[in-house]
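Inside the fold
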Amino acid sequence: MNEKDLGPCSGGAGEPGRRIIDTSTVTAAVRELAIAAAHDLEPDILEALLAARDREEPGLARTVVEILLQNAEIASRERIPVCQDTGVAVVFVELGSEVQVAGDLAAAIQEGVRQGYRDGYLRSSVCDPLTRVNSGDNTPAVLHLASVAGDRLTIRFLPKGCGSENMSAVAMLPPAAGVEGIVDFVCQRVQAAGSNPCPPVLVGVGLGGTFEKAALLAKSALLRPLGQPHPRPDVAALEERLLARINAEGAGVQGLGGRTTALAVHLEIFPTHIASLPVAVNIQCHAHRHKETVL
Amino acid sequence: MSMLRYQPPLLASLPEVAVPFGPEVAAGLAAGDFVRLTGIVFTGRDQTHRRLVALLDAGQPLPVDLAGQLLYYVGPSPARPGRVVGAAGPTTSYRMDAYTPRLLACGLAGMLGKGARSAPVRRAMQEHGAVYLATIGGAGAFLGACVKACTLVAFADAGPEAMLRLEVKGLPAVVINDLAGRDYYEMVQKGLRPTG
């Protein structure tokens, strides 16, 4: 997707020197992201599944990974969602300080979700938590808005299936728990999740901050290209250690055995309080759908 | 994705099991068996379960006689025009555990989903002679292509959670809980799974 496809980025009266983006441009972009994310797995996840296929001995696990690859191919070709759980729409937006959206940005995003789920024949899975009545159009999406430098509007779309989301957790460990405590908690969560989150999974880990910051770090860790290590060597080493242990002791492909419980572990960190060690684990299934666009 | 780099799975050699099936067929299914299911299954997920059990509580008849049937935990995505169904992979089974023993008492022959079942469900399966199979989570497009016909049975207002009658052909599934009380996930965890 590029700006040309999305129409002109102008309209409305903005502050001098600011780039103006119309809400209709945002809505159209989100609609496209929702549909594309449901049908087309990104190359990083396909590469990881191919590597998993090659790693497995011929047998049940390998056959299942082959089915997952064929599933991706059918989904893309036939325009059928990769998974029927087309998720709750989680949208990360970075709004450049030199950009102005002419109108209600949040409403424009919600409208894009509404249109994308309707026009893409995607499942509406969002309901009231008490009455369980379905909203019918998969809104509201969960929005994370951040202000950044620059003249761009970046939208990252992560439809999150809840078979894996339900296996996620936050722990407020005592600082004395240290690295061993972190490793134990993460591995224990993945182990306890078993086959429920559709392994092979991607494990997002948020370390530090506060209770809610750790959870958001874990979620945003899922946005990093698969298998790209954390830039800080000690964090990257911890990711590697966690992945090795999870795959050594884990459930394997779909809990049916084999060598691949997780495709990757991504860890994001943030300074925390001297009294605290928050650790969040956000599990993502192999149907790891993520798309982004820059306006 | 390069088509040269992956090979379609060779599923044709898997044993075909007609669904629904009687006790003789169930008795022949062993934990770890990889089979293909062909025939009729009824769908149900959270809301369907809640409503079926509410009907039982109220002494009302169920929309379909579950005796001898296989219940598939799935909420398909909407079908595009001209298609039978959208994506149709399994949802996580443990969420149905609270209701399952009640439905097993109605004579359910088995369930199809993903993930492990609770101890009470496993006991109820033993008591009522039912089996539990898992199909492949996240393979919704592949599994949707195994669905050849789809009709609404009940609870249309529940949207994706409505109860449907699906005609499936060659749907791959692994037997998790068999009539001998074995659990394949547990066997894997303990390193007891059969080789090959």
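Residues numbered from 1 in each chain as written. Chains lettered and ligands numbered in written order. Predicted model: local features only at pLDDT ≥ 70, side-chain atom pairs only at ≥ 80, totals over all residues. Heavy atoms only, no water.

**As for the overall build of chain B**
Along the backbone of chain B there are 6 helices and 7 strands. When the elements of chain B are put in sequence order from the N terminus, they spell out β-α-β-α-β-α-β-α-β-α-β-β-α. A globule of 196 residues ought to have a C-alpha radius of gyration of about 16 Å, and chain B, at 16 Å, matches this closely. Dimensions along the principal axes, computed over C-alpha positions, put chain B at roughly 55 × 45 × 25 Å. Within chain B, buried positions represent 54% of all 196 residues. For chain B, the proportion of contacts with a sequence separation of at least 24, taken over those separated by at least 6, is 62%. Carbon and sulfur atoms make up 55% of the accessible area of chain B, which amounts to about 7,900 Å² in all. Side-chain charges in chain B split into 19 positive and 14 negative, and the spacing between the mean points of these groups amounts to 8 Å. (Helix = DSSP H or I, 4+ residues; strand = E, 2+ residues; numbered from the N terminus. Rg over C-alpha atoms; globule rule 2.2 N^0.38 Å. Buried < 20%, exposed > 50% of the residue type's maximum accessible area, 1.4 Å probe, protein only. Contact = heavy atoms within 4.5 Å. Areas by Shrake-Rupley, 256 points an atom, 1.4 Å probe, with all protein chains shown as cover. Lys, Arg positive; Asp, Glu negative; His and termini not counted. Charge placed at Lys NZ, Arg CZ, Asp CG, Glu CD.)

**As for the sheet that holds strand S10 (residues 291-294) of chain A**
Residues and elements named next belong to chain A. Spatial strand order, S4-S2-S5-S10: 4 strands in an open sheet with mixed pairing. Across the chains shown, the open sheet's two edge strands, defined by having one partner strand only, are strand S4 (142-148) and S10. Pairwise comparison of adjacent strand axes, ignoring direction, gives a mean angle of 15° for this sheet. For strand S2 (residues 88-96) and strand S5 (residues 153-160), the ladder comprises 8 bridges, and the chain directions are antiparallel. Across the sheet, residue glutamate 94 finds its bridge partner in S5, namely threonine 154. Along the sheet face, helix H5 (residues 105-119) touches S2, S4 and S5 and points at about 140° away from the line of S2. (Pairing = 2+ DSSP bridges. Axes fitted to C-alpha atoms, helices over the stretch in contact; angles between N-to-C directions.)

**Some words on the layout of surface pockets**
Taking a probe equal in size to a water molecule and rolling it over the atoms shows the remaining empty space. The computed volume of the largest pocket comes to approximately 810 Å³. Lining of the largest pocket is provided by 41 residues; of these, Arg123(A), Ser125(A), Arg132(A), Cys162(A) and Arg45(B) occupy positions nearest its centre. If you list the elements that add at least two residues to the lining of the largest pocket, you get helix H6 (162-165) of chain A together with helix H2 (46-57) of chain B. With 4 residues, H2(B) is the single largest residue contributor to the lining of the largest pocket. Residue composition of the lining of the largest pocket, by class: 14 nonpolar, 14 polar and 13 charged. (1 Å grid on protein atoms, 1.4 Å probe; cavity = no way out; pocket = protein on both sides within 12 Å on 5 of 7 lines; lining within 4 Å. Points joined across faces, edges and corners; volume = space filled by probe spheres on them. Nonpolar A, V, L, I, M, F, W, Y, C, P; charged D, E, K, R; others polar.)

**With respect to the side chain of His286(A)**
In this fold, His286(A) is placed in the loop between strand S9 (277-284) and S10. Exposure remark for His286(A): the relative accessible area of 3% places this residue in the buried category. Every residue in contact with His286(A), bar those within four places of it in the chain, is listed here: Ile45(A), Leu49(A), Leu68(A), Cys198(A), Pro199(A), Pro200(A), Gln254(A), Gly137(B) and Gly138(B).

**Thoughts on the confidence of the model for chain A**
Scored by pLDDT, chain A has a mean of 93; 95% of the residues are at 70 or more. Here residues 1-12 of chain A scores under 50 on pLDDT; set against residues more than four positions off or in separate chains, the count is 24 contacts. (pLDDT = per-residue confidence, 0-100.)

**Considerations on the nonpolar core**
Core analysis: the largest hydrophobic core is formed by 98 residues, its most contacted members being Phe21(B), Leu37(B), Leu133(B), Met163(B) and Tyr184(B). Ranked by residue count, the leading element in this core is helix H4 (residues 60-78) of chain A, at 10 residues. Apart from the residues lying within four places of it in its own chain, the contact partners of Leu133(B) are Val35(B), Leu37(B), Leu70(B), Met111(B), Leu112(B), Gly113(B), Ala173(B), Val174(B), Val175(B) and Ile176(B). By size, the runner-up hydrophobic cluster in this structure holds 26 residues, among which are Ile182(A), Cys187(A), Leu242(A) and Ile246(A). (Core = buried A, V, L, I, M, F, W, Y, C linked by side-chain atoms within 4.5 Å.)

**Points about helix H3 (residues 43-55) of chain A**
For H3(A), which comprises 13 residues, the first-to-last C-alpha distance of 18 Å matches the rise-based estimate of 18 Å (1.5 Å per residue) to within 8%. Those residues of H3(A) not exposed but buried are Asp44(A), Ile45(A), Leu46(A), Ala48(A), Leu49(A), Leu50(A), Ala52(A) and Arg53(A). (Expected span 1.5 Å × (residues − 1).)

**Here we look at the packing of aromatic side chains**
Summed over all chains, the structure comprises 0 aromatic pairs over all chains. Between Lys213(A) and the ring centre of Phe270(A), over which it is positioned, the NZ or CZ distance is 4.5 Å. Directly above the ring of Tyr132(B) sits Arg117(B), whose terminal nitrogen or CZ lies 4.9 Å from the centroid. (Phe/Tyr/Trp six-rings, centres within 6.5 Å; stacked < 30°, edge-to-face > 60°. Lys NZ or Arg CZ within 6 Å of the ring centre and 35° of its normal.)

**Concerning H4(A)**
Residues lying three or four places apart along an α-helix face the same way, a consequence of the helix completing one turn every 3.6 residues. Residue and element names in this part refer to chain A. For H4, which comprises 19 residues, the first-to-last C-alpha distance of 26 Å matches the rise-based estimate of 27 Å (1.5 Å per residue) to within 8%. Within H4, 15 of the 19 residues are buried, which leaves the element mostly enclosed by the surrounding structure. Within two residues after H4, arginine 79 carries a phi angle of roughly 55°, on the positive side.

**Some thoughts on the pairing of strand S3 (residues 99-102) of chain A**
Residues and elements named next belong to chain A. Of the two faces of S3, only one is covered, namely that formed by Val99 and Val101; the face formed by Gln100 and Ala102 stays uncovered. Sheet topology places strand S1 (residues 19-22) next to S3; 4 bridges connect them, and they run parallel. If you follow isoleucine 21 over to S3, its bridge partner there is valine 101.

**Concerning the interface of chain A and chain B**
Of the residues lining the interface, 51 residues belong to chain A; the matching set on chain B comes to 48 residues. Of the roughly 4,000 Å² buried between chain A and chain B on both sides combined, carbon and sulfur atoms contribute 58%. Of all residues in chain A, Ile67(A), Gln84(A) and Tyr121(A) give up the largest surface area on contact with chain B, accounting jointly for 17% of the area buried on that side. Counting the contacts that link chain A with chain B gives 1 salt bridge. Glu78(A) is paired through a salt bridge with Arg83(B); the nearest N and O atoms lie 2.2 Å apart. Our count for the chain A to chain B interface comes out at 16 residue pairs in polar contact (both at pLDDT 80 or more). The set of elements that each furnish at least two residues to the side of chain A that touches chain B consists of H3 and H4 of chain A. At 14 residues, the largest contribution of residues to the side of chain A that touches chain B is made by H4(A). Of the residues assigned to the side of chain A that touches chain B, the class counts are 21 nonpolar, 20 polar and 10 charged. (Buried area = accessible area lost by both parts, 1.4 Å probe. Salt bridge = Lys/Arg side-chain N within 4 Å of Asp/Glu carboxyl O. Polar contact = N/O pair within 3.5 Å; in protein donor to acceptor, adjacent residues only side chain to side chain.)

**Points about the pattern of salt bridges**
Scanning all chains against the criterion turns up 36 salt bridges over all chains. Residue Arg77(A) is joined to Glu73(A) by a salt bridge in which the shortest nitrogen-to-oxygen separation is 2.8 Å. Of this pair, Arg77(A) and Glu73(A) both sit in helix H4, separated by 4 residues, roughly a single helical turn. Taking the shortest distance from any N to any O, the salt bridge between Arg117(B) and Asp97(B) comes out at 2.8 Å. With a gap of 20 residues between them, Arg117(B) in the loop between strand S4 (110-113) and helix H4 (119-128) and Asp97(B) in the loop between strand S3 (70-72) and helix H3 (100-104) connect regions that are remote in the sequence. You'll find Arg117(B) and Asp97(B) in the same group, each marked buried. Here the salt bridges share partners, and the residues they tie into one network are Arg31(A), Glu32(A), Arg118(A) and Asp119(A).

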